[in-house]
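Examination of the molecular architecture
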Amino acid sequence: MDKIISLKNNTEFRRLYKRGKSAVAPTLVMYALKNRLGYSRLGLTAGKKVGCAVRRNRAKRRLRALYQVHVLTLPENRRGFDLVIVARAAAVNAPHKKLERDFVSCTRKILESL
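These numbers were taken from a predicted model, which means no experiment stands behind them.

Re the pairing of strand β2 (residues 28-34)
For β2, a buried count of 6 out of 7 residues is recorded, marking the element as mostly surrounded by other parts of the structure. Pairing between strand β1 (residues 21-24) and β2: 4 bridges, direction antiparallel. Residue pairing across strands places Ser 22 opposite Tyr 31, the latter belonging to β2. Hairpin connection, β1 to β2: the antiparallel pair is bridged by 3 residues. Note: β2 against strand β4 (residues 81-87), 7 bridges, orientation antiparallel. Along β4, the bridge assignment pairs Lys 34 with Phe 81.

This is the structure:
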């Protein structure tokens, strides 16, 4: 399986928030924008409203696992975008099926619009 390449700089996150396409679900908000790198990059964030550090890290870990399963398995011609996922408070305790359904629906909406 491919390695996850992370977005780390604040400027990259702000660029996606400003210019990227977005999709909203009860458990997450997703922003995406094409890049010219030929591979996809992921940025995960969770605000203080999600809870303490343990809860925020759990939400990000669950979303990272979904990214590995659903996005990294896309064909090569569907890659090449930056993706930022913002975890909402419901992402911590949501059942896996609900979180996966929200992730897939947001990914589908965004990939159709790019």
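Examining a nonpolar patch on the surface
Nonpolar side chains collect at one region of the surface, where Ile 5, Leu 37 and Tyr 39 lie side by side and expose about 240 Å² of accessible area between them. Examined against the element boundaries, Tyr 39 turns out to sit in the loop between β2 and β3 (41-46). You can call Tyr 39 partly exposed: its relative accessible area is 35%.

Some details on a positive patch on the surface
A surface patch of like charges, here positive, comprises Arg 55, Arg 58, Arg 61 and Arg 64. With respect to the secondary-structure elements, Arg 55 resides in helix α2 (residues 53-70).

Some details on the side chain of Arg 62
With respect to the helices and strands, Arg 62 occurs in helix α2. Glu 100 provides the closest opposite charge to the buried, unpaired Arg 62, separated from it by 9.2 Å. When near neighbours in sequence (up to four residues on either side) are disregarded, Arg 62 contacts Ala 91, Val 92, Asn 93, Ala 94, Pro 95, His 96 and Leu 99.

So, how was this worked out
Residues numbered from 1 in each chain as written. Predicted model: local features only at pLDDT ≥ 70, side-chain atom pairs only at ≥ 80, totals over all residues. Heavy atoms only, no water. Buried < 20%, exposed > 50% of the residue type's maximum accessible area, 1.4 Å probe, protein only. Helix = DSSP H or I, 4+ residues; strand = E, 2+ residues; numbered from the N terminus. Pairing = 2+ DSSP bridges. Patch = residues over 30% accessible without salt bridge, like charges linked within 9 Å, V, L, I, M, F, W, Y side chains within 5 Å. Areas by Shrake-Rupley, 256 points an atom, 1.4 Å probe, with all protein chains shown as cover. Salt bridge = Lys/Arg side-chain N within 4 Å of Asp/Glu carboxyl O. Lys, Arg positive; Asp, Glu negative; His and termini not counted. Charge placed at Lys NZ, Arg CZ, Asp CG, Glu CD. Contact = heavy atoms within 4.5 Å.

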